[in-house]
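Below, each chain spelled out in residue letters.
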Amino acid sequence: DTPAGPSGIQAASGRVTMNPPATPVRLSRAAAAVAGASPSSAVLRVSLLPTPLRGRKGSPIRAAGGQRRLVFRRSLRVRCIAGPDRGSSPVPPPSREAPGLQSPAEGFVQSIEGLIEEDQGREEYDEEQEQRELQEEAAQLQSKLGVIESQLSNVQVAIDELFNSTFAGTSVTTQDEAGGESTIVVDHMSEQEFALLGRSQPKRLAQIIEQVKAKEDGQWREFQSANTELELQKESLKSQKSAIVDSMTAIARQQQHYLMERTDISRHAKDAQFKIVLITGFEAFNGGLFKKAAQEVARIAPQVSVYTFSDRDLVEESDKAKIAEALDGANIFFGSLLFDYDQVEWVKERIEHIPIRLVFESALELMSYTEIGTFNMKTSPGQKKAGPPAPVRALLAKFGSGREEDKLVGYLSFLKIGPKLLRFIPGKQARHLRNWLTVYSYWTQGGLQNVTSMLLYLAKNYLLPEEDTTEDAGTVTASEVTIPDLVENPPMGLTHPLLQGQYIESPAKYLQWHRRTVGMPASSPVVGVILYKKHVITKQGYIDQLILSMEQEGLIPVPIFINGVEAHTIVRDSLTTRHEQEQRAQGVEIINSLKKDAVLVDAVVNTVGFPLVGGPAGSIEAGRQVEIAKQILGAKNIPYFIAAPLIIQDILSWKDSGVGGLQQVVLYALPELDGAIDTVTIGALVGEEIVVLQERIERLCSRVKAWVNLRALKAKDKKLALMVYGFPPGVGATGTAALLNVPKSLEALLSQLKKEGYNLGETLNRGEGIEDGVGQAIIDALTTLDDERLVSMAEIPRNPEKYLVSSNDSKEIAKELLSKHALVDCIDYETMKQWLGNEIGLRDGRDMLERMECSWGDLREYRGIKTTTNGLPVVSGLQLGNLFIGVQPLLGVEGDPMRMLFERDLTPHPQYVAFYKWLQESYRADAMLHFGMHGTSEWLPGSPLGNTVESWSDQLIGNIPNVYIYAANNPSESIVAKRRGYGTIVSHNVPPYARAGLYKQLASLRELLAEYREDPENNQNLQATIADSVNAAGLQKDCPMIDEATGEELALSAEVADSTDVATFEKYAFKLSQYLQLLDTRLFSEGLHTLGGAPTAAQTGQYLEAYYGSELSAEVVAAISEATTRADEGSVSSDVELMREKLEKVFELDASTLPDDSKLQEALDICSLLGRNTEELSSTLKALEGQYVLPAPGGDLLRDGPGVLPTGRNIHALDPYRMPSPAAAARGAEAADKIIEQHRAQNAGAYPETVAVNLWGLDAIKTKGESVAIVLQLVGARTVKESTGRVARYELLSLDEMGGRPRIDVLMNMSGIFRDSFANVVDLLDDLMQRAAEADEPDDMNFIKKHAQAMQAKGITQSSARIFSNPVGDYGSMVNERVGTGEWESSEELGNTWVSRNAFSYGRGGEKGVARPDVLGELLSTTDRIVQEIDSVEYGLTDIQEYYANT
């Protein structure tokens, strides 16, 4: 509003004086606001430079009526200068590299200029004139529309006349039920009548068409020609009409915006009623608060009704109907934290008509609907995705530290001061941007007053009339509504119950206050606790419970609340550790932004969940900053825990079905990528209230304290418990684990423990290292102690040789271990009751004892697994100083020690419970190690995900830190150990790979084939011999001979071979040779891996040869392996040029045989990473010392590449919302096509009607979803992704897109791990099958629909159910147990066992383990193929029983 005129400026000593005086006042306020975002040492210089804008011809712009008017662009020039105010002394400008100083101030109005220019444009027309022009244009378009509609009507009349003249008069003969004939004459036929007849009576229409075609006057051809021409005219006119309607809609929208501007967006008369609809996600707990805010708005402004809903109301159809009714005719829509794809799509369809739409922190597709006045977030030209206009985004970029990972934090900084800054900027768009920011400020600050103020602010600015024209005393106008000031809470602060709602601004000041007020010992461990600000502001009770419980446990909590995206900056800059300080003292500075007053902490607990970097926003972006999180947490080197209540799930569903859906990803999958451990679900919803369980909070606090305690204890005082396995019993399996050499690995670990000063007892503490053979001697001694004869007597053998089974090499050591270190303890009933009574949440012990006695009878009378003759459970093992080594108890029921039915009314047997309780209560272990893949404690009955007090895994692991040695190639089962068994995983490598080779009959057959193929004509006499060899080797089924004439398999015999002509048999010989080549080169894991053992040169070569195959010659592989494993010059093994020179000179390889630089570099990297197998031991030691173990994806080198190396990592799975990956989708589709092709080739071209596909967690994780992709291709579906890359739906392809083939029905059989790990995928697959069953398609092109309708005809409900598994919380088909014990007579018995265990259906809604044996039986009866993907060479069909165990 400043009039044109001269403007001057003097700047000195940090003071700003300007002329004319009116403008500087406003600008100085803006400058002050900018200064608030700048460092306190900054001095601001501000100038106002009026610049006349020119019209297109270069002259000043004239307004309507010819009056000359100058328009000025207001250009704020703001400069920050480092240093304090020093009077009139000049201050030198800062270096451009100075981080953070110039960003807010320098960039502010440079970005705002874009807003002003965009708002005022290069020309400024009179607005009323512009509206008149729009009205004229609308009138012209309306006239054109009338002409087009008239022409359309005329064309339609012509079409109808053409149809009538062609088909009227034709007759159709029909037969009645009695066999009599009747003739119907068509008296009239329009285009619409023709279409209706085709849908209702297609056969009759076909007869009519045939009559017309039969006429000899060419009427049918004339009809087709004329109709085609008319239809083209019709489509052209419809296209013109659509374009005109679009233009008229755009004009109407512009006029609406103008009207909104003139009347503050449609201010209506007093009797008008306005609706604001608010839908929030993840905030059901605030439902009461939102309702109170709505009531307050209604009290102040009765014309305004506020309807509040949560995302939980978007599930049931009855609730959605209420939302739809509220949205109909609404004036303002407000949404927050809405991510579910189906919910977002549903909401989008129903808010398009609403004039004002505000969507925050939700799916980008929904946020793009944000529109308030002229400000919107639609995708603009040159913009890749929806969001604020370019000038606004440029402005946002000016705030923050400049680091990529801090952009969202800068965004929040802008939100805090943005509305203040924008008050001083002219222009309409800036006004609506300011209002948008103000609304968001109210929302993010939270609390009843702020939410009420936000709603009133919207009503005042966009709904209520400016003045009352009705003379009604009850009318409320905008001027009568007073908006309370924003109740500002600090973006970050610290809370405590004793502060009574007040906050402390920094961790350092908080600790000073805490020590002064609470008075805990200074030596108490300190734990940083990250809280969600909205939960603090709304006074969620669990926060005080958590803080007080930590203090009762002897921990000093530092409870820091954040908006949600700043967790990494708090951990990075405000918290430090002794490890970090020691590193900095040595000159190692990983984090350069650490604050001087950062406080020392011993652990971090994050109650927000999500990724550490980005928080909720990081969960929706495809490129999370995992490496940044690992860098931050690695620098701190302390345990990082996740503990939070479920805020979109109630307690009953959690206890019944486990943590599910999005909560599973928020609390487990995403934090695990950062290296989080020991996730504890502390509560859930009851109605709209968050209710936390005190026993869960106590479990968390106790486990945190136990981990912190590992850092405080000296190695010599630390008590460890190490479990090896002995499954199956009685067959020499004690001390075995998949892919791991347990005896040698024990020796390697014991050696490291000894070096670190752990007390390993008299025998092992002798000498320098650990004697060879000690590992096997330990296993032999444990096997001896496990002898049932000794167990029944509960005795340590006085004569070990009587029971000892040992090799000569380790026998003497084993005898000494038994005589000096054997431990046998018996647990009586009262002790067991006392121990269970000490468990969290079970103060009298009766609950757990009652449950055990329901399964095993009176425990005082129990005689069973590992009990004495008196019925006392026995705990035995070796006590080596402060290290106890024992054999993990077997799971089982009476008479079948290998079997444990995972049903919730069953429990582990008494000795199993006694063993783990003994470790907690009697031995009092400081940490335990489960040695190898895999144990059983994580598979015990209980909640599938999110342990409760009723989960036996939680009861028996208790508070003991659990370090779990696990094969790197099995992320599927390791996440069960991690999530249910509180396992901190330390991965180990798999053994090197080898080629299978050929032997015995296969080798002889290869030689025969080679001889035959040299000269088939002269070697025809070998055909019979080859046939005999094929039969002897059992290859007839694998590689059959096919009759080319019939396509059928021939029963190959010497006689058949003799009578076969040479040309045909030569083809078969070639086929056989190819198959033998495949067998010869097939890969498998050779031998066992030793923990921490770096591969030899030969083993390195095996890895490389398997990885590269024929891409690298054997000579090159051998040379690289040798050179890297015996490199005597530090960096030579990783430097490509030096290595190339060495290979040529030292190994005398021809340069032309060497790979290119990229491949050579990759090979060197693989060798280097394999050499870091030693980190398996160092990471185990780090875990035992309570340090941070780096996370990494699980997988194997051949499939997943070098990214899975090095080992010694806390492995995790993939993000379940990105399954299948694009590569997996392509591979799975190819496999599905080959399955169909193979079936058709063997079945005369017929398609399979049903294919059964096994869905395993293991292969799904390692392949990133190939088995899911197989299902999609069989059904005929594709993935639909949100703009963030998350898979939101599996969409049916049209039959045309499927190339004319039918949809194949798919019976999916899930393992328990897949069911529990990929609940979102299960829901998407179930949704796909439901839509396929209801598709409007012929039965012969949609076998899913065909089978569903057949089941419905039989009265079977839920006929679209296709996804089956074990009951909720159960694992395994139990077929493997019956096979293992030989307890079966026929394959039918095994089949019945499988069906009884896998007849439970899963899907959306309440379909969580519902028994549907009738549906399963129907699907099995139509199944033509069974598909089991084998994801790796490491597990073949004969290697593991899981192919029928199905865990």
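Keep in mind it's a predicted model, so treat the numbers as computed, not measured.

Mapped onto the secondary structure, Asp160 falls in helix α3 (residues 127-167). A sequence separation of 67 residues divides Asp160 from Asn227, and the C-alpha atoms of the two residues are 9.7 Å apart. What Asp160 contacts, discounting residues up to four positions off in sequence, is Met189, Ser190 and Glu191.

With that out of the way, let us pick up the pattern of salt bridges. Close approach of charged atoms lets side chains of opposite charge pair. Going through the model one piece at a time under the given rule, you end up with 54 salt bridges. With a closest N to O distance of 3.7 Å, Lys238 and Glu235 form a salt bridge. Of this pair, Lys238 and Glu235 both sit in helix α6 (residues 219-262), 3 residues apart, which is roughly one turn of that helix. The class for Lys238 is partly exposed, based on a relative accessible area of 41%. A relative accessible area of 43% means that Glu235 is categorised as partly exposed. The partner of Glu349 in a salt bridge is Arg350, and the shortest N-O contact between them spans 3.5 Å.

So, on to the packing of helix α47 (residues 1266-1275) against helix α49 (residues 1319-1333). The N-to-C vectors of α47 and α49 enclose an angle of 10 degrees; their axes lie 12 Å apart at closest approach. Taken together, the axes of α47 and α49 are roughly parallel relative to one another. For the pair α47 and α49, the contacting residues are Val1268, Val1271, Leu1272 and Val1275 in the first and Val1321, Leu1325, Leu1328 and Met1329 in the second. Here the residues of the contact of α47 with α49 are counted per class, giving 8 nonpolar, no polar and no charged.

Ranked by size, the top nonpolar core spans 168 residues in total, and within it Ile778, Leu919 and Phe931 carry the most contacts. It is helix α23 (residues 661-674) that provides the largest number of residues to this core, a total of 8 residues. Val1287, Met1310, Val1322 and Ile1363 belong to the second largest nonpolar core, which has 44 residues in total.

When pLDDT is averaged across the chain, the result is 80; 80% of the residues are at 70 or more. Of all helices and strands in the chain, the one with the weakest mean pLDDT is strand β1 (residues 8-12) (34), whereas strand β18 (residues 603-606) scores best (97). Low pLDDT, under 50, characterises residues 260-271; the stretch is placed with 38 contacts to residues that sit more than four places away or in other chains. The model gives residues 619-623 a pLDDT under 50, and that stretch makes 15 contacts with residues more than four places away or in other chains.

The subject of this paragraph is the environment of Tyr1402. Structurally, the position occupied by Tyr1402 is in strand β40 (residues 1400-1402). When sequence neighbours within four positions are dropped, the list of residues in contact with Tyr1402 reads Met1310, Arg1315, Val1322, Asp1326, Ile1363, Ser1365, Asn1366, Pro1367, Val1368, Glu1407, Lys1408 and Gly1409.

As a further point, take unusual backbone geometry. In this chain, Met933 is followed by His934 through a cis amide linkage whose omega measures -15 degrees. Cis rather than trans, the peptide bond between Leu1205 and Pro1206 has omega equal to -5 degrees. Residue placement: Pro1206 occurs in the loop between α44 (1197-1200) and β34 (1210-1212). One non-glycine residue, Glu1148, adopts positive backbone phi at about 55 degrees. Inspection of the secondary structure assignment puts Glu1148 in the loop between α41 (1136-1145) and α42 (1157-1170). Relative accessible area serves as the criterion here: at 70%, Glu1148 is assigned to the exposed category. With a phi close to 55 degrees, Ala1244 is a non-glycine residue in the positive phi region.

With that settled, the discussion passes to the packing of aromatic side chains. Applying the stated rule across the entire model yields 30 aromatic pairs. Centre to centre, the rings of Phe163 and Phe194 are 5.2 Å apart; their planes meet at 65 degrees, and the pair counts as edge-to-face. Here Phe163 is found in helix α3, whereas its partner Phe194 is found in helix α4 (residues 191-200), with 31 residues between them in sequence. Just as Phe163 is buried, Phe194 falls in that class too. Taken together through their ring pairs, the aromatic side chains of Phe290, Phe334, Phe360, Phe375, Trp436, Tyr440 and Trp443 make up a single cluster. Stacked on the ring of Tyr1247, the Lys or Arg Arg1240 has its end atom at 4.1 Å from the ring centre.

Cut-offs used in this document
- Residues numbered from 1 in each chain as written.
- Predicted model: local features only at pLDDT ≥ 70, side-chain atom pairs only at ≥ 80, totals over all residues.
- Heavy atoms only, no water.
- Helix = DSSP H or I, 4+ residues; strand = E, 2+ residues; numbered from the N terminus.
- Contact = heavy atoms within 4.5 Å.
- Salt bridge = Lys/Arg side-chain N within 4 Å of Asp/Glu carboxyl O.
- Buried < 20%, exposed > 50% of the residue type's maximum accessible area, 1.4 Å probe, protein only.
- Axes fitted to C-alpha atoms, helices over the stretch in contact; angles between N-to-C directions.
- Parallel < 35°, antiparallel > 145°, perpendicular 65-115°, else oblique.
- Nonpolar A, V, L, I, M, F, W, Y, C, P; charged D, E, K, R; others polar.
- Core = buried A, V, L, I, M, F, W, Y, C linked by side-chain atoms within 4.5 Å.
- pLDDT = per-residue confidence, 0-100.
- Phe/Tyr/Trp six-rings, centres within 6.5 Å; stacked < 30°, edge-to-face > 60°.
- Lys NZ or Arg CZ within 6 Å of the ring centre and 35° of its normal.

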